[in-house]
Amino acid sequence: MSLRHAPWETAAEFAIGLRPIAPEDWLEGGEADPALRKDPLLAAHPHLVWAEAPGSRPAQTEALEMVAEALQASIDPEHRPPLLAAARKVADDLCLMEKRAGAWRLTALSLSAGTFFTASEVVGRSLAELHGPVPGFEASLLARVARIFDGLREGLILERRNWTVVNSPALFAPSSAPIRARIGDIDPDRAGEALFGRVERQTLRRLPRTGAALFTIRVWTDPLSRIAADPTRLEAFAKAWRAATPEFRAYKRLDLYDALVARLIDGP
Ligand code: HEM
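These numbers were taken from a predicted model, which means no experiment stands behind them.

Parameters and conventions
- Residues numbered from 1 in each chain as written.
- Predicted model: local features only at pLDDT ≥ 70, side-chain atom pairs only at ≥ 80, totals over all residues.
- Heavy atoms only, no water.
- Helix = DSSP H or I, 4+ residues; strand = E, 2+ residues; numbered from the N terminus.
- Polar contact = N/O pair within 3.5 Å; in protein donor to acceptor, adjacent residues only side chain to side chain.
- Buried < 20%, exposed > 50% of the residue type's maximum accessible area, 1.4 Å probe, protein only.
- Pairing = 2+ DSSP bridges.
- Donors = N, O, S within 2.8 Å, 3.2 Å for Na, K, Ca; no water.
- Phe/Tyr/Trp six-rings, centres within 6.5 Å; stacked < 30°, edge-to-face > 60°.
- Lys NZ or Arg CZ within 6 Å of the ring centre and 35° of its normal.
- Core = buried A, V, L, I, M, F, W, Y, C linked by side-chain atoms within 4.5 Å.
- Contact = heavy atoms within 4.5 Å.

For the rest of this paragraph, the subject is the side chain of Arg88. Within the secondary structure layout, Arg88 lies in the loop between α4 (82–87) and β3 (93–100). A polar side-chain atom of Arg88 sits 2.8 Å from a polar atom in the side chain of Asp39.

Below is the structure:
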């Protein structure tokens, strides 16, 4: 079976990696009713999956209109904040960025598949604050990323992807601790079934009326056995695993999986 995304074949280090895509490729779809997955999470953990800052409603409304246009459907927010209403209709998580007092800040987000972070802890943060834990971000990426946000042309859609390996297929992953606590239980002979490539496919586009930017995050997980089933793919994955920079490995805690991945790459 083919994989939709294999970003380890492109990079094993922190990179901006944004490229333009066609408007029809904006949202990947494929989930019949995302609200069936998102609504129970909101009911059980409202602060983990939704947060908004005061003053963000105008840009939320513009985001809702953009999503509705892409889906060619009208979306009635009913009693919900507009960005949340939009997010219930798409598989992606939706993050609203607005420039306030000179810095791009996250002013609202619906986050049902965050990779080890939660909505309430990140709302209001600037690009620099959001990426505080990412080694070298401030020194080598921040200024360029902020310039991309400033210069984003109406109609241009940018896409980037990142990847990590985790021992869980769950999209909802607010914290790494309970997942990593189970690594010791993995049978090395079943590493391919127990470990998953976790890919975030992200897009960025301008909301022209309010000047905000809409950042989308779609998470795809595939068992490593699916990669290992194709020798060319496995070779590319093995190459990335070996080539990953020390900072990238440490940030993603790839060391925790070294022995299990070696088993998959090199055999028993
Ligand atoms: C579009 C330009 C952006 C670039 C180039 C970028 C780049 C990165 C990179 C390199 C990482 C490290 C993980 C990885 O991707 O391998 C990261 C993590 C992260 N990014 Fe971004 N990012 C961008 C936009 C955003 C936006 C708009 C948000 C707002 C939700 C965001 C929130 C985060 C968070 C929460 C993390 C995890 C930080 C942690 O470990 O706590 N990023 N980003």
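Having seen the structure, we can now continue with the description.
Here the focus is the environment of Gly155. Counting through the fold element by element, Gly155 comes out in the loop between α7 (137–151) and β5 (157–166). Of the residues examined, Gly155 reaches a relative accessible area of 48% and is grouped as partly exposed. When the C-alpha atoms of Gly155 and Ala22 are compared, they prove to be 9.5 Å apart, with 133 residues separating the residues in sequence.

Counted residue by residue, strand β7 (residues 212–223) has nine buried out of twelve residues, so it is predominantly covered. Relative to β7, strand β6 (residues 196–207) runs antiparallel, the two sharing twelve bridges. Directly across from Glu200, in β7, lies its bridge partner Val219.

Moving on, we come to the coordination of the iron atom of the ligand. For the iron atom of the ligand, the protein supplies a single donor, His131 (NE2), at a distance of 2.0 Å. Its location among the elements puts His131 in the loop between α6 (127–130) and α7.

On to the packing of aromatic side chains, then. What describes a pair of aromatic rings is the distance from one ring centre to the other and the angle between the planes of the rings. Summed over all chains, the structure comprises eight aromatic pairs. Considering the side-chain rings of Trp104 and Phe149, the 5.4 Å spacing of their centres and the 45 degrees angle between planes classify their relative orientation as tilted. Residue Trp104 is located in strand β4 (residues 103–110), and its partner Phe149 is located in helix α7; the two are separated by 45 residues in the primary sequence. On the accessibility criterion, Trp104 (6% relative accessible area) is buried. For Phe149, a relative accessible area of 5% puts it in the buried group. One cation-aromatic arrangement involves Arg205 over Trp26; the distance from NZ or CZ to the ring centre is 4.5 Å.

Turning next to the nonpolar core. If you look at the biggest cluster of nonpolar residues, it comprises 26 residues, and the most contacted ones within it are Trp8, Trp163, Phe237 and Trp241. Mapped by element, the contributors of at least two residues to this core are β5, α10 (224–228), α11 (231–243) and α13 (258–266). Among residues more than four places away in sequence, those in contact with Phe237 are Trp8, Trp163, Val165, Leu224, Ile227 and Val261.

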